[in-house]
Each structure stands twice: as C-alpha cells, then as structure tokens.
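Descriptive structure summary
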Amino acid sequence: MGWMFRRSAADRVLTGVAGGIGERLRIDPVVVRLSFVVLTFAGGAGVLLYVSAALVSRRPAPAELPPPPRTSTTQAVAIAMVLTGVLLILRGVGVWFGDGVVWPAAIVVLGSAVIWTHGDEATRARRLAWMPRPIRDEAVSHRVRTLVGVLVIALGAWAFFSSNPPLDLFGDAPSAVATVLVGLAVIAGPWIWRLVRQVADERRERIRQEERAEMAAHLHDSVLQTLALIQRTEEPGEMIALARVQERALRTWLYGKSRPGGAGSLSAALDELAVWVERTHRTWIEIVMVGDCPLDDAVRALVHACREALVNAARHSRARGVSAYVEVEDDQVTAFVRDQGVGFTRAAVPADRHGIAESIEGRMERNGGVAVVESAPGRGTEVRLRIPRSHAT
Amino acid sequence: MIRVFLVEDHELFASGVRNELGEGFALVGQAGTVTEAVAAIPGAKPDVVLLDVHLPDGNGAGVVEAHPGLRFLALSVSDAAEDVIAVIRAGARGYVTKSISPPELADAIRRVHEGDAVFSPRLAGFVLDAFAGSAAPSIDPELDQLTPREREVLRYIARGYAYKEIARELHISVKTVESHVSAVLRKLQLTNRYELSRWASERRLA
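Residues numbered from 1 in each chain as written. Chains lettered and ligands numbered in written order. Predicted model: local features only at pLDDT ≥ 70, side-chain atom pairs only at ≥ 80, totals over all residues.

1. Some words on the overall build of chain B
Counting its secondary structure elements, chain B contains 11 helices and eight strands. For chain B, the residues scored as buried account for 42% of the 206 residues in total. (Helix = DSSP H or I, 4+ residues; strand = E, 2+ residues; numbered from the N terminus. Buried ≥ 20, exposed ≤ 12 C-beta atoms within 10 Å, placed from the backbone.)

2. Thoughts on the overall build of chain A
Across its full length, chain A holds 12 helices and five strands. Looking at chain A as a whole, 27% of its 393 residues qualify as buried. For chain A, contacts bridging at least 24 residues in sequence account for 70% of all contacts bridging at least 6. (Contact = placed C-beta atoms within 7 Å.)

3. Focus on the sheet that holds strand β1 (residues 284-290) of chain A
Residue and element names in this part refer to chain A. In space, the five strands of this open sheet follow the order β1-β2-β3-β5-β4, with mixed pairing throughout. For this open sheet the edge positions go to β1 and β4 (370-375), each flanked by a neighbour on one side alone. The average angle at which neighbouring strand axes cross in this sheet is 10°, direction not considered. As defined by bridge partners, strand β2 (residues 321-328) adjoins strand β3 (residues 332-339) across seven bridges and the pair is classed as antiparallel. Within the sheet, the bridge partner assigned to V322 lies in β3 and is D339. (Pairing = 2+ DSSP bridges. Axes fitted to C-alpha atoms, helices over the stretch in contact; angles between N-to-C directions.)

4. With respect to the sheet that holds strand β8 (residues 118-119) of chain B
Residues and elements named next belong to chain B. If you trace the six strands from one edge of the open sheet to the other, you get β2-β1-β3-β6-β7-β8, paired in parallel fashion. In this open sheet, the two strands that pair with only one neighbour each are β2 (25-31) and β8. Summarising the sheet, strand β1 (residues 2-7) and β2 pair through six bridges and their orientation is parallel. Residue pairing in the sheet places V7 in a bridge with A31 of β2. Sheet strands in contact with helix α5 (residues 102-113) are β1, β2, β3 (48-52), β6 (71-76), β7 (94-97) and β8, and its direction is about 150° off that of β6.

5. Side note on the pairing of β7 of chain B
Residues and elements named next belong to chain B. Bridge count for β6 against β7 is four bridges, and the pairing is parallel. Across the sheet, residue L75 finds its bridge partner in β7, namely V96. Looking at chain direction, β7 and β8 are connected through two bridges and run parallel. Opposite G94, over in β8, you have V118 as the bridge partner.

6. Digging into helix α3 (residues 45-56) of chain A
Residue and element names in this part refer to chain A. The terminal C-alpha atoms of α3 lie 17 Å apart, and with 12 residues this matches the ideal 16 Å at 1.5 Å per residue to within 8%. Looking only at α3, the buried set comprises A45, G46 and Y50. Along the axis of α3, the buried positions cluster into a sector of 130°, meaning they face one direction only. Residues of α3 that are exposed and point more than 90 degrees away from the buried face comprise V47, V51, S52 and L55. (Expected span 1.5 Å × (residues − 1). Arc of directions from axis to C-beta.)

7. A closer look at the packing of helix α9 (residues 163-170) of chain B against helix α10 (residues 174-190) of chain B
Residue and element names in this part refer to chain B. Packing of α9 against α10 brings their axes to within 8 Å, and their N-to-C directions diverge by 105°. Taken together, the axis directions place α9 and α10 in an arrangement best described as roughly perpendicular. Contact with α9, carried on its side by Y163, K164, I166 and A167, involves V174, V177 and E178 of α10 and no other residues of that element. In terms of residue class, the contact of α9 with α10 is built from five nonpolar, no polar and two charged. (Parallel < 35°, antiparallel > 145°, perpendicular 65-115°, else oblique. Nonpolar A, V, L, I, M, F, W, Y, C, P; charged D, E, K, R; others polar.)

8. Considering the environment of I230 of chain A
Residues and elements named next belong to chain A. For I230, the position within the fold is in helix α8 (residues 173-232). The class of I230 is partly exposed, set by 15 C-beta atoms lying within 10 Å. Residues I230 and A243, spaced 13 residues apart in sequence, show a C-alpha to C-alpha distance of 7.7 Å. Other than its neighbours up to four places away in sequence, I230 contacts M239, L242 and A243.

9. Quick word on the nonpolar core
Ranked by size, the top nonpolar core spans 96 residues in total, and within it L310 and A324 of chain A together with L51, L73 and A74 of chain B carry the most contacts. The biggest single contributor to this core is helix α11 (residues 297-316) of chain A, with nine residues. Residues contacting L51 of chain B, with those up to four places away along its chain left out, are V7, G60, V63, V64, F72, L73, A74, L75 and A92 of chain B. Core analysis: the second largest hydrophobic core is formed by 29 residues, Y50, I107, I153 and F160 of chain A among them. (Core = buried A, V, L, I, M, F, W, Y, C linked by C-beta atoms within 7 Å.)

10. A word on helix α5 (residues 99-116) of chain A
With 18 residues, α5 of chain A should reach 26 Å at 1.5 Å per residue; the first-to-last C-alpha distance of 25 Å fits that figure. Inspection of α5 of chain A places V102, P104, A105, A106, I107, V108, V109, G111, S112, A113, I115 and W116 of chain A among the buried residues, and these make up the whole buried set.

11. Some words on the pairing of β4 of chain A
Moving residue by residue along a regular strand, the side chains alternate between the two faces of the sheet. Residue and element names in this part refer to chain A. The pairing of β4 with strand β5 (residues 381-388) spans six bridges and is classified as antiparallel. Paired with S375 across the two strands is T381, which belongs to β5. Two successive antiparallel strands, β4 and β5, enclose a turn made up of five residues, where G378 displays a positive phi of approximately 85°.

12. Focus: the packing of helix α2 (residues 29-41) of chain A against α3 of chain A
Residue and element names in this part refer to chain A. Their axes nearest at 5 Å, the elements α2 and α3 cross at an angle of 130°. By the criterion of interaxial angle, the relationship of α2 to α3 is oblique. Together, F36, V37, V38, L39 and T40 of α2 and A45, G46, V47, L49 and Y50 of α3 make up the contact between the two elements. Considering only residue class, the contact of α2 with α3 consists of eight nonpolar, two polar and no charged.

13. Regarding unusual backbone geometry
Residue and element names in this part refer to chain B. You will see that K45, though not glycine, has its phi angle at about 45°, which is positive. Inspection of the secondary structure puts K45 in the loop between α2 (34-44) and β3. A count of 11 C-beta atoms within 10 Å places K45 in the exposed class. Even without glycine at this site, H171 takes up a positive phi of about 55°. Turning to its location among the elements, H171 is positioned in the loop between α9 and α10.

14. Some points on the confidence of the model for chain B
Of all residues in chain B, 86% attain a pLDDT of 70 or more, and the chain-wide mean is 84. Model confidence for the complex: the whole-complex pTM is 0.61, and ipTM, which rates the interface, is 0.80. (pLDDT = per-residue confidence, 0-100.)

15. Considering the environment of R93 of chain B
Residues and elements named next belong to chain B. With respect to the helices, strands and loops of the structure, R93 is situated in the loop between α4 (81-90) and β7. Classification of R93 as buried rests on a count of 25 C-beta atoms within 10 Å. C-alpha separation for the pair R93 and F119, spaced 26 residues apart in sequence, amounts to 8.5 Å. Once residues within four sequence positions are removed from consideration, R93 is found in contact with R71, F72, L73, V112, A117 and V118.

Here's what the structure looks like:
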C-alpha cells in the first residue's frame, strides 16, 4: 500500500516510526518526535498514535540510507499549526489532562524544537541570509537559537508552576530540583542522544576499516605477490602451478573456516597434502571430499598412502592433473586417486621400487585396510584405498 | 547450432568463453547482473544459458527461477557448496567449475542442450554430502534418499569418471547412467528433506 511508510532502520530511538515519518515527509525526525511528546500530554493521545503508527507502518528496508531531512521554516510553521489544531480538537472532545499541563508542555517542547531542529546546509544558508547582520554568522545564530529555546522552555516551566498552585517553584526544594532536571533533559537530551549515536557510528566505521585493512594486508601478502611472480615467469607450467597454489590458499582463506572438521581433521590434512604435492611436483590436484573425521593412526595411514599415490601420478602419469575422491562413512574411509595419464603394467615396475608395494599396499594392510592399484597402458591409473574406522561413531 | 546466452560479470572470463565457443555454437546475448539477465533472456531465445553462480546483485538462482523450462548450466569459481546447490535446486541442469577446459565446456553445453544433467566431480561430492546421513526420518523416501545405484554413479563421477567410463565399469549403457544422474537431479530439486536444509544452514553458519 502506497500510503504506508517504512519505519527507519538508520534513524531510530524506539522503533524508527518517527524517523520513518520524517523520511517520508522530508522533515526533521526531531520535530516528529516532539509532536508525539506534546500529544502524549493530551490525555495520552500521542502514545496511542505512536503505537498505531508503528502497527500500520512497514518493516524498515535493510541497509537503507535516509535522504537528508529538509525542514523549511514554512513546514515547521505548518506542523506547529496542525499540532495546535489537533490539540484543540482533543481538548474539545475531552481527551485532555487539563490546560495547566498540556499548554506548558507544548511550550517546553516548542523550546526544545527551536534548539534541536536544523535543516540541511542549504536551508540554513537561506535562513541565515535574511537574518539581521550581527547574527548572520553560523556560530552566532546557533547561540541565539539555543538562547531563544532555553527562554521558551523556561517560560513553559513558569507557566506550568503558575497554573498549578499547589506546586511552588521557588518555595519547594524537591519540585525546584525536578524542574531543573527536566529542563536540562529537554535542553540536552537530543544532544546526548546524538552524541551516543555518533559514537556508535564511529565504532562501526572503525570496525569496517579494520576489516578492510586486514583484507588488504592479506591480499597484498598473498595474491599480489603471486601475480608479480607470475608476470616474471617465462614457463607456462610454472605459471599454472603458481596460480593453483595461490588459488588454493585464497580458497582456504575465504571458505576454510567452513570446513566441518576444523584443524586436525582429515579434510585439513588433505588440503595441506594437496598444496604440498602441487608445489613440489608442479601439477594440479582436485580433491573432492564427502564427510570428514578426526585424524587417528589408521586415517593418517590413509593420508600417507594418498600422498604416495598422488606423487606417483604427478611423477609418472604425464597427465594434466590428478583427482582424488575421499569419502568418510560411519564404518570406513575410502579414497580414490585417479589420473588419466599413460598408465603402466605392474610387471614393468622394477622390483627395487618400493613405492606401490611398501608405501601404499603395505601401509594400508598394516592398518587393517586394503589398497588396489588398477592401471593399464594408455588408460590411466586409479589407486583405491579403504580403511576401517577404529571407533565407529 | 546451439544458441547460448552468457550471464557473467567478469569480462575477462566472458571474452574467453566467447573466443573458445567454436563451431556449432552461437552466442546470442550476454548479461552481467541478475536484473539484466532476467530482462534480456526472453528476447534472445537461447537454447542454453551459461550462468555464473555469483552475480553482483545476487545469487544466480534468481535468474533460473525467473525462466522455468529453460536449460541452465551453472559456472563458478566458488567452493561454497550451498550456493551451488541453491542454483541446482532452482532448476539448473548442471554445474562445472570455471577451470574446465574449452572442449569440456563445449561438451557440457551440448549435453545440457540435449536435456542431460552435467555433474562435475565437485558437484557430485556436494550432492553425496548433502544426501549423507540417512538416519533422520523422512516424509518421502522416494525423494529424500538416493538409491544405492544412484549413489554408486555419483561416486564414480566424484572420482573423475566420464559417463562412458561409468557405463563400462557398471556394465550398463551410457543412457542408463544419464537417467540415473537425471533422477538424482530431480530428487535434489524436489526434495524438502529436513537434512538438506540443515546441511545447508550448517555450512553457512560454520
């Protein structure tokens, strides 16, 4: 519905109703807030109005930036007249705390408005232009406005006491103290509120800047250095390897925290392994993992066997890359290391080479697992590893 | 001639794809944001839309949802599983990483155009991960669980096997492999599985 306004997310004291109305009507929210205050003295009408406004308004848009409020003098006068009219109507129908309360309250609030409403710079400049020469200066005009506001507030206080005879401003210490406190709150309240908001804004901005600085530092140390290295490299293989290593490091930095197992897990060990093999053997490795588990002796044996298989593939297969798939199930962990390279026949491997027999098959068997190496010339190689989990979860 | 629409905000990668798409493909349009894509796709009448998962104004899933019935192939450099699964669940027919070689990309587009599902090893891993842990009670076992055979096919894809190789290993036809993969895709898109949403939120929270 078009007439409904959004509560303000950026400018709010309670629920953002006043801020929202201010944004919608392009008037200073301070004026809106003060209007609610005055109406509250009219038999509580302000509270009622506020609650119903909160109920019909729409939820604030996330991260909205309010346009600067523009309170022109004409608008301020119009609002004052509307407010007075509403007060007279409420008085007519009897929603009223009594003349001695409402009118002084209205005067006090008017004083506060004189102090605390300020349009944007253009409005201020225009206002200053037709001021008498001595107060055309911004600071002077501010002081004058404050003085006028304080006087109006004092007038309101005086009106309150003179129309409520049982209370005596000068003869009764508690009511004098209370008056001074209320007066100070009315005069300084908006200023304190603004100060608190400013501190919060500054803190948010500082956190943002720190985050940005941390990210810049990280990118500088890693990505920019690697890009510089890549530009100095002549050999394509080296370039790809550098890019891969950097890619993996950046990924870990960006998404690494979402590893379900965290440090000391199988996934972390495999990531580390992949980085090491890529770095030392100038190849690319793609690891796909399903599930995760903590490292124990058996799982560590599987990681070592994987490393041997990856290194063999990187050294001998002449394939573009090696892929590994590791799946953790309740009772076992399986791993498949596969390349689509030249392949080999077992018989052709010299007997003094211990890679497959010792580092893969022997290691798996000692830990209660199985290793199968399948390969044929021209059809690539796949090493399949399976190890039971010592403590099924 | 397959009409391809490219939704990609990285000009470097986009121009690479433009140059690499060889014979048999016609690039009929390009967009860099979700809004642009939603506006331009109907007029371009593409057969296949190549879609980056991450766009400046949101997840690619929005583009997929806006064009039901159209064939989408998702592309990404991202490892964020929940983003990829979101695009697939919205209706994309496949997902490949941007490091894919040009002939492989051409092949993937062709297969999506023919109505097949294209699973990269990484996507197969994500799907297995998402459907793991079958202990939870399920409302619709038909949709909420993978059959042993589907699981087996996905494992082969995750291991880096091509459909042809899987067919040889399992002694079934390539068509059967494709129908298993399509069934997995359908389950992924239709399931309301509690586990799947929990899996996604855990990944996001962690």
